[in-house]
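Architecture at a glance
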Amino acid sequence: MDVLIRQLPHDNDQLESQWPAIFDQFHKLSINISETDQPSFKIKSLDALTDYVAADNEQCANIKLTFIDVTLKTLSNGPLPSNDELVRIFCHLLDVPDTNKMLNLRLIEKVYYTYRLGERLCNDGCVDLMEKILLCLQKHEFSKKNCDVKVEEQWKYFLTRGMFSPISSDVNKLNKLETMMIMRSSYQQFYRNAAQNFHQSTIWLEISCIIERTFPTLFDMFTSPTDAQQHISAAIAPPVSPKYVSLLAKSLQQHPDLFKNDPSQIYVAIEKLVSHNLFKEAECFFSHVIAPHFDLITNLEELIQTFIRMCSSVVDLECRSSFCKHLVSPLSYELTKKKLNKKLGNSCFDLIVAIVDLTVIEAPSCAKRLLSISEFYPWKQLDQQLTHLIQSCSAYDQIIVSSTNSELDNLDGMLKLIHDRATTNPSMLRATHQPALEAVLKWSSPINIDNGQAYPKHVYTMGEPMTELVDEKQMTVDICRQLISILQKHVDSVDDDKYVVESHYEQFLRVLGKLLRRCLQPLKPFPTIMHEELARYCLSALNCPLHNESGLPTTEHYTALVIWFAMGPCIDNENDARAYERCVDRLFELIYDENEDSIHSWWTTFWIIVGLKFPTMAAEHSEQFLKEIIDHKQMMMIAILYTIYAKHPQPFHHRLNDLIHLLFDNNAQHLPTIASLLDIILKSHPHIITESQIDYLFTSIDIYHQPNTTQTICRLLSHVASTQPHLFDKHRQQLILLVSQQQQTFEAFTCLQQYLVASTIINGEQAADEYLTLLIDLIKNTKNISADLCSYIFHTCQLIGIRHKTILANKRDDLLEFESNSACRMLLDMIDGNKMSEEHQATLNRTLDEMSQIEERVVHTEKNVNNITKLVKRQELHMTNLDARVDVVDTNIIQLNEQVQSQARDIERIDAKTLSYVPSEWGHEACRLLNVRASNDWRLLGKRFGYSTSELKHWTMQLDPSMSLLNEWYMTHKADEATYGLVKMLNEIGRQDVEDIIRKAMATAGQLIPDDLDIDIKRLPPVFLSYQWGSQKAVTRLKSHLEQAGYACWMDTGEMGGGDKLFAKIDAGIRGAKVVVCCLNKKYAQSDNCSREVHLTISTGKPLIPLQMEKQTWPPEGALGPIMSEYLYIRFFDRKANDEDYWPADKFTELLGQIRYHVAPDPDMIGDQYRNWFVPRVDNLIFLQPTPSTAPPSTTITTTQSTKTEPATTTKTTTTKDEKKDKNDDDDDTLLVVTHPQVMISYQWDCQKEIVILYKKLTKLGYRCWLDIFQMGGGDSLFEKIDTGIRHAKCILSCVTPKYTKSINCRREMALSDALEKLIVPLLIEDTQTWPPAGPMSMVFAERSYIDFRHPSDGKERWSGKEFEMILARLKQAVPEVEPTQPRRHLLDMQRPKTSLRREEKMKVGEKRKLARIGSAPVIAQSRACSIM
């Protein structure tokens, strides 16, 4: 048959014509073959058929298909050929190069289906034969260019529905799962080939999909790592099959060892895919291979560098966006989840820069995510990268996005992160300054010059943090002027209808204003032209609306505000100040003509800073100041008036009557300040006051019976009495009465003296005789006249007698009665002409000089009477005009007035510490008797009152111990109760002499002592605990601990019985306390009883310490809110701990320190737990240490580092005699005792650790410093010690923080320092938002510039650098005698303890040296000093 087949024609028509004969021959041949020849016959026939079809080039005709069917049907009967033969024949057909031959394809199909080739091979496990078939298939591309559509579809159907069927029920297929698992490697290769050819033919694509579905874990196993690597290389080779990549990547996820051993092959694969813009395929490798095994990567540097290269290789905008989304974003997530080695910091930052350089919307979020990694980047080493990064961020101003898109807001977050890091690494600003400044200046224009459009919102969102990256230290005058020009251009265009800007741009202008404010201080002094430009801008802004329709400040108002409060300290000379004159005049006009109260602080702040510096300029505006004070009762500017009066007195004279009446406005509230101004005026021009004004002052004395008021008015009147005595004639008797009533103060007598002497000069002998009689009668008729007043009266007689000796001689007999008085004796000697002692003669000469001066004043006054009359008329006319204007002006500006009042109250409270509460009528006489040592002296009285032994010991050290005891008694009791208790106790201890003195004095004053009062005569506890019953358990325990620390406490559970006496006992407990501790829980403010206790505390002037016993808002809601808002609370609860004390340990120490301000602890009460809590630790004090011979002089002063002082080891060297002498004198290990401090450090306790470092550093430099924590011992209250410290100090270092400005104690310190005119140097430790800080301290600090210690340099201590040098420069002015270059000399000048002995006297061979203890600084190993150190 094979011969017949080979002889068949290929021509379709010829074959069809011969077919009947051919068919008969086939039939005959097939039945004549013996059984043994059947196999060879079939094989030969199949070979012949294969060759015939392979050689056929005709169109596929039905006759040939019929021929094939008949032949295969004939050959398929009986035994079949072997698998090997069938596969050989099948492969021969598959090897035909031309895949477009339909006949060949049909034969392939017929052979496969006829012999069920797939089923037989799979069942028989013929792996090698199936591999041959797969290899044959891989030789064909099945591309469309080589096949027509019909043939291609036939191939696809056969291969994807026959040989590789997706139907699981098909059995005649090669892709059975079991077979594929056995042939995994072959199918991997076959799949790879299919994936590589998918782009040429959908046949291969379909085949790959079928294989993937049938065997999804095909690549879960590899024969070797090399095999896997080959697959990776094949998968990324163009053209790339996404399915191949996906399947391979998913499979590689199951092989972590392959990735761990060679991760670079994955990196290379990703990079190659990215180079072809195949980002989703690259993401497959990252998400399935890298991300799951990220922790296995040992060399992240390689991965990071790969991504840096890829960032720069992606060019197309859309591709950059995809790259960011699919690869950079997942990488940033993985890097932030892993704890990275700090060595990668540089590389990661380079990656951030590369990401931002992509300039696509998706990039900033990825970069910010990486930048947020904390404690990772070496910021000091990133100067170039930071510069590049800022430039790259600013390049995003070219991206136009919708307003709703927030992706680019991450740029703002990045810049803020960089700024946050720069706060701790200021050197970073050197790198960020230039690119940030360029961006800011570029964006300052509302229009982008590159595209002519407005900048989008995200640009101005970047604006604020970008300005923070500008280094004010690198700013120049020219740049600042450029910023001013930008703001000026905006304000000039506001009224232009064509000028329309977005709200984002206006917000950016506010940011520019803040930047300009920051740059002013470092640039000072800057040229006058810049001041003029600033003034021009501020004036322009003030001429614009200050608020928009919603009531918020306009952009012009806000920027002018931030600039205005910054430029004041930068004014260096009067020319600079005068540039702002038009501005301040406009401000005054706005305040009082247009009722713009909100800008009042602008005006006052300017003059507080400038007025005292340049009084000539301020004097030109004195009418404004007078209007502010007189018409609007604003006293903040009063200090300036004291200075400018002499330069321009006329406005003051015109309003003299108003000033006099202002003395007594609001119940004489402003008396001290206005009186000081009038004192200056009347001292210089006493002739300008009128009779009606004198009458008004004397009438006021009758109305206001307060001693201080009387003294003040008399002091003013004394200036006038010596020049216009005729005005006092009608008030002579009133003056005499004042003198007799107020013997302890001599202002009234001084006024009387000036009047009498001047009147004598004018009226002659008759007046002299009358007045001498009057003075002598005054001595005779005044009961218990003091010796001092007698001396003053005799001195006045002497003044009169010098001019009228005859009249004085006539009074000799009257004077003899008082010749025991030394002043009277001198007067008699002058009358008799006796020779006087040198002392008396000198006194007489001074009296002559004094009389001559009085005469000159009187004569000068007589010459100017006419001028005075004219002046008064002008004053009256001017007053009439002022009254008319007062009716128009709104006077509702009270905020600054309240601040002045608050400071005044603080000063009054401080001054009150020096006043005695003991009645003056009998106090000194009674104390004089009680001070005489006896068995029943003041000590026994104190014991009966219940005072402790330590308190009695403390009073023993006072100059007047009895007065100290009685002052304490009267201070803690009502006056009538205190007097009743004192008299009763004096009677019991047998001191009727003192009792009689008190009773007589009280009777003379018209006061009665009660016969009986229902009170306990005892000393009350110094601490009052106010609480609400819900906190009783905690407060009871607090009371126990306070008493163990030395403070007796009063609380209702132990002291109160209830009933009608409830409120009386509360009243007594609060009045008897030195300090009130309010234990606040949430119900405290709602309790009526608790509110009463707080209000009584405030009304009695007791110090108040709030404790928060549980978490709550501050200040508490309700009626107590306004009161408590003035106090700093102590957070006295600890939710984390389960300790039975309820409070954190350090907070109890803070409470003890706060109480210590007001009262000293009782050592007799202190238990072991709190023994010596008030004693400072040794390691906080300064010592003199032995000086090793090799050490420089500056090393001789050190601080001890522990409470146990070890002996110093010294090296034996040869020294001179002088050196040995100095060494013996100076090398004692003794504490330095500061007796008269040069420097006081004022601070709030939250920053105590830093302040101790400053204390040590200044002490090492030779300054004697006062610090409160070293003053805790002793019996005085800490306030008394603070008072002493401030009065002795030459300079006050004020360490300002937000809490400092709110602390009542710190306010008191500053108020006293300011009142005493001490040099105050503000050190700004933490940001207070504004300068001067808001609140009562603003007036103290307004004219004082601060030294900025807010941001210490990275790695350096706070007290160093140029700022610390500025402190030393200020101290050099205040304490010039100290030379910091030779600190040891000044330290040796300090007092040594008397217990200190020379080293040779206190050391023996082999003994260790010990520190000698001194009273002011005990040596305690473990102390509870109110120290949080």
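Residues numbered from 1 in each chain as written. Predicted model: local features only at pLDDT ≥ 70, side-chain atom pairs only at ≥ 80, totals over all residues. Heavy atoms only, no water.

What follows is about the overall build of the chain. Scanning the chain from terminus to terminus reveals 72 helices and twelve strands. Going through the 1429 residues of the chain one by one, you find that 53% of them count as buried. Relative to all contacts within the chain whose residues are 6 or more apart in sequence, the contacts with residues 24 or more apart total 76%. Working note: accessible area of the chain is about 65,300 Å², and carbon and sulfur atoms make up 49% of it. (Helix = DSSP H or I, 4+ residues; strand = E, 2+ residues; numbered from the N terminus. Buried < 20%, exposed > 50% of the residue type's maximum accessible area, 1.4 Å probe, protein only. Contact = heavy atoms within 4.5 Å. Areas by Shrake-Rupley, 256 points an atom, 1.4 Å probe, with all protein chains shown as cover.)

Turning our attention to the sheet that holds strand β3 (residues 1075-1080). The strand order across the open sheet built from five strands is β2-β1-β3-β4-β5, with neighbouring strands paired in parallel fashion. The open sheet has two edge strands with one neighbour each: β2 (1049-1050) and β5 (1130-1131). For strand β4 (residues 1104-1108) and β5, the ladder comprises two bridges, and the chain directions are parallel. Counterpart to Q1108 in the pairing with β5 is R1131. Contacts between helix α61 (residues 1088-1099) and the sheet are confined to β1 (1023-1027), β3 and β4, with β1 contributing the most and set at about 145° to the helix. (Pairing = 2+ DSSP bridges. Axes fitted to C-alpha atoms, helices over the stretch in contact; angles between N-to-C directions.)

This next bit is on the packing of aromatic side chains. If you walk through the whole model with that rule in mind, you get 51 aromatic pairs. Between F945 and W969, the ring centres sit 3.9 Å apart and the planes meet at 10°, which makes this aromatic pair stacked. Here W969 lies in helix α55 (residues 961-971) and F945 lies in helix α53 (residues 938-945), a separation of 24 residues in the sequence. Aromatic rings pair up to connect W564, F565, Y580, F588, Y592, W602, W603, F606, W607 and F625 into one cluster. Over the ring of Y333 we find R369; its NZ or CZ atom is 3.8 Å from the centre of that ring. In this arrangement the basic side chain of K1257 is found over the ring face of F1364, its NZ or CZ atom lying 4.6 Å from the centre. (Phe/Tyr/Trp six-rings, centres within 6.5 Å; stacked < 30°, edge-to-face > 60°. Lys NZ or Arg CZ within 6 Å of the ring centre and 35° of its normal.)

This part covers helix α44 (residues 765-781). The end-to-end C-alpha distance of α44 is 24 Å, a good match for the 24 Å that 17 residues give at a rise of 1.5 Å each. Burial in α44 covers these residues: A767, A768, Y771, L772, L774, L775, I776, L778 and I779. Tucked into the core, α44 has its buried residues touching α42 (732-741), α43 (747-763), α45 (787-803), α46 (805-809) and α47 (812-816). (Expected span 1.5 Å × (residues − 1).)

Averaged over every residue, the pLDDT of the chain is 81; residues scoring 70 or more account for 84%. The secondary structure element of the chain with the lowest average pLDDT is strand β7 (residues 1197-1199), at 34, and the one with the highest is helix α20 (residues 345-356), at 95. When the criterion is pLDDT under 50, residues 907-915 qualifies, and its contacts beyond four places in sequence or with other chains add up to eleven contacts. Note that residues 1388-1429 has pLDDT below 50 and, in this model, 106 contacts with residues that lie over four places away or in other chains. (pLDDT = per-residue confidence, 0-100.)

Within the secondary structure, R655 is located in the loop between α36 (650-654) and α37 (656-662). You can call R655 buried: its relative accessible area is 4%. A distance of 2.8 Å separates the side chain of R655 from the side chain of D631, its partner in a polar contact. (Polar contact = N/O pair within 3.5 Å; in protein donor to acceptor, adjacent residues only side chain to side chain.)

So, about the packing of α53 against helix α56 (residues 975-988). Contact geometry for α53 and α56: axes closest at 10 Å, N-to-C directions at 120°. Here α53 is positioned oblique relative to α56, judged by the angle of their axes. The way α53 lies across α56 gives a crossing that is right-handed. For the pair formed by α53 and α56, the contact residues are L941, R944 and F945 on the first element and G981, L982, M985, L986 and E988 on the second. Here the contact of α53 with α56 is built from residues that sort into five nonpolar, one polar and two charged. (Parallel < 35°, antiparallel > 145°, perpendicular 65-115°, else oblique. Left-handed = near helix turned anticlockwise from the far one by under 90°. Nonpolar A, V, L, I, M, F, W, Y, C, P; charged D, E, K, R; others polar.)

Quick look at helix α52 (residues 923-930) now. All of the buried residues along α52 are G923, A926, C927, L929 and L930. The buried side chains of α52 occupy one side of the element, clustering within an arc of 160° when seen end-on. Of the surrounding elements, those touching the buried residues of α52 are α53, α55, α56 and α57 (992-1004). (Arc of directions from axis to C-beta.)

Residues R161, R213, K243 and K250 make up a contiguous surface patch of positive charge. Its place among the elements puts K250 in helix α14 (residues 242-252). (Patch = residues over 30% accessible without salt bridge, like charges linked within 9 Å, V, L, I, M, F, W, Y side chains within 5 Å. Salt bridge = Lys/Arg side-chain N within 4 Å of Asp/Glu carboxyl O. Lys, Arg positive; Asp, Glu negative; His and termini not counted. Charge placed at Lys NZ, Arg CZ, Asp CG, Glu CD.)

Right, let's talk about the nonpolar core for a bit. If you look at the biggest cluster of nonpolar residues, it comprises 307 residues, and the most contacted ones within it are I133, F285, F323, W607 and F728. Every residue in contact with F323, bar those within four places of it in the chain, is listed here: V274, F279, F307, M310, C311, V314, V328 and L358. Formed by 49 residues, the second largest nonpolar core is a distinct cluster that contains I1251, L1254, L1258 and A1374. (Core = buried A, V, L, I, M, F, W, Y, C linked by side-chain atoms within 4.5 Å.)

Before going further, it helps to examine the pairing of strand β10 (residues 1291-1296). Of all six residues in β10, six are buried, a share of seventy percent or more. Of the two faces of β10, the one lined by C1291, L1293 and C1295 and the one lined by I1292, S1294 and V1296 are each fully buried. Pairing of strand β8 (residues 1239-1242) with β10 involves four bridges; the strand directions are parallel. Counterpart to S1242 in the pairing with β10 is S1294. In this sheet, strand β11 (residues 1319-1324) lies alongside β10 in parallel orientation, the contact comprising six bridges. By the bridge assignment for β11, I1292 is matched with I1320.

On to the sheet that holds β10. Ordered by their spatial adjacency, five strands build an open sheet running β9-β8-β10-β11-β12, and the pairing between neighbours is parallel. A strand with exactly one partner marks an edge of an open sheet, and here the two such strands are β9 (1265-1266) and β12 (1347-1348). Of the pairings in the sheet, the one linking β8 to β9 comprises two bridges and is parallel in character. Bridge pairing links M1240 to W1266 in β9.

With five of its five residues buried, β1 lies for the most part within the structure. Residues V1023, L1025 and Y1027 line one face of β1 and the alternating positions F1024 and S1026 line the opposite face, and both faces are buried. Pairing geometry for β1 and β2, over two bridges, is parallel. The residue of β2 that forms the bridge with V1023 is C1049. Once you follow β1 into helix α58 (residues 1032-1044) and on to β2, the crossover reads as right-handed. (Right-handed = clockwise from strand over helix to strand, strands pointing away.)

Mapping N12 onto the fold places it in helix α2 (residues 12-31). Within the structure, N12 has its side chain in polar contact with the backbone oxygen of Q59 (distance 3.1 Å).

Now for the packing of α20 against helix α21 (residues 363-371). The description of two packed helices rests on the angle between their axes and on the distance between the axes. Where α20 contacts α21, the two axes come as close as 9 Å, and the packing angle between them is 165°. Between α20 and α21, the angle falls in the class roughly antiparallel. For the crossing formed where α20 meets α21, the hand is left-handed. Where α20 approaches α21, its residues F349, L351, I352, I355 and V356 are matched on the opposing element by A363, C366, A367, L370 and L371. In terms of residue class, the contact of α20 with α21 is made up of ten nonpolar, no polar and no charged.

Most peptide bonds take the trans configuration, and most residues that are not glycine carry a negative phi. Cis geometry marks the peptide bond from K524 to P525; its omega dihedral reads -5°. The linkage connecting W1114 with the following residue, P1115, adopts the cis geometry, with an omega of 0°. By the secondary structure assignment, P1115 is in the loop between β4 and α62 (1121-1124). The backbone of E375 sits at a positive phi, close to 50°, despite the residue not being glycine. Note on placement: E375 falls in the loop between α21 and α22 (383-394). With a relative accessible area of 67%, E375 lands in the exposed category. Phi angles above zero are rare outside glycine, and N595 is one such case at about 60°.

On to a negative patch on the surface. Residues D11, D13, E16 and E58 make up a contiguous surface patch of negative charge. Within the fold, D11 resides in the loop between α1 (2-7) and α2. Assessed through its relative accessible area of 34%, D11 is described here as partly exposed.

Right, let's talk about the state of the cysteines for a bit. In this structure the tally under the stated criterion is zero disulfides. Not engaged in a disulfide, the cysteine C570 finds its nearest cysteine sulfur in C480; these two sulfurs lie 9.7 Å apart. The cysteine C797 is free of any disulfide, with C824 supplying the nearest cysteine sulfur at 8.4 Å. Among the residues examined, C797 registers a relative accessible area of 1% and is labelled buried. (Disulfide = S-S within 2.5 Å.)

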